[in-house]
Amino acid sequence: AKESNVELAYIRTPTECFELEGDEDGVRIPFKANTTDVVHTHTNGTIHPSIADLKKLYWRFKNGNVQDHSNFRNCIIMGDYIMVMEVEDIARINYLINTEQIVTGIETNIIFNQELSNLYDNIMQKTLSGSALNHFARFLNFMRTMDSGFKISLHKYDSASGAIFSQYVNDVTDYESFFQNTNTSCIKN
């Protein structure tokens, strides 16, 4: 994978695909009706969503942009790795959105639930220090703690063999076994 400081993205609907280019600070991905895929790169060495990414992800559901829940994917690409979030429990996602008010505001100013933002900061330790392995493990802990309604899979492209290794990683044990199976100690420091 080509190294770049510019984040790239695409958003797909059943009839269109929009390719986007951002900058070092991120990429603005629009909210489109009937979204099926949201994909973007990370250049900061992390393969998990930021709190801003999660805020926009849940807003897509609140705003009705995702109609086909069973085929929706939210992906983050970092180097040879792809993290995919798929709907596991739409009732839980709807509960978080409608009852817990996980996201509020308008598209130009989306506010994530402060208690969950604080939990994210506490679990993620507010910094990018440490290995990507540790950060991803903390992210899985956050998602499990909040009972997010999403299932997570991790994929690694092996350039030597052309193979793609894939595994659902809903807890730290799954994640660690994925890296043992792909002979990788961590994504990137």
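Positions within a chain are numbered from 1, following the residues in the order the chain's sequence is written. Per-residue local features of the predicted model are confined to residues with pLDDT of at least 70, and side-chain atom pairs are confined, for both listing and counting, to 80 or more; whole-chain, interface and lining totals are unaffected and use all residues. Water and hydrogen atoms play no part in the side-chain values, which are based on all heavy atoms of the structure.

J.: Could you give an account of the packing of aromatic side chains, naming the residues involved and the relevant values?
T.: Aromatic rings considered in pairs are described by the distance between their centres and by the relative angle of their planes. Between 30 and 60 degrees the pair is tilted, below 30 it is stacked and above 60 it is edge-to-face, where a pair is any two Phe, Tyr or Trp rings, Trp via its six-membered ring, whose centres lie within 6.5 Å. Following the criterion strictly, the structure yields six aromatic pairs and no others. Consider the rings of Y120 and F142, whose centres lie 5.1 Å apart with planes at 90 degrees: the pair is edge-to-face. Of this pair, Y120 sits in helix α3 (residues 114-124) while F142 sits in helix α4 (residues 132-146); the two residues are 22 residues apart in sequence, bridging distant segments of the chain. One exposure class covers both Y120 and F142, and it is buried. With centroids separated by 6.0 Å and ring planes inclined at 50 degrees, the aromatic side chains of F136 and F139 adopt a geometry described as tilted. Of this pair, F136 and F139 both sit in helix α4, three residues apart, roughly one helical turn. Just as F136 is buried, F139 falls in that class too. Ring pairing ties together the aromatic residues Y58, F61, F72, F112 and F150, which thus form one cluster. The ring of F18 has K32 lying over it, and the distance from NZ or CZ to the ring centre is 4.3 Å. Helix and strand assignments follow DSSP, with helices taken as H or I runs no shorter than four residues and strands as E runs no shorter than two, numbered in order from the N terminus. Residue exposure (1.4 Å probe, protein chains only): buried if accessible area is under 20% of the type maximum, exposed if over 50%, otherwise partly exposed. Sitting over a ring, as applied to charges here, requires NZ of Lys or CZ of Arg to be within 6 Å of the ring centre and within 35 degrees of the ring normal.

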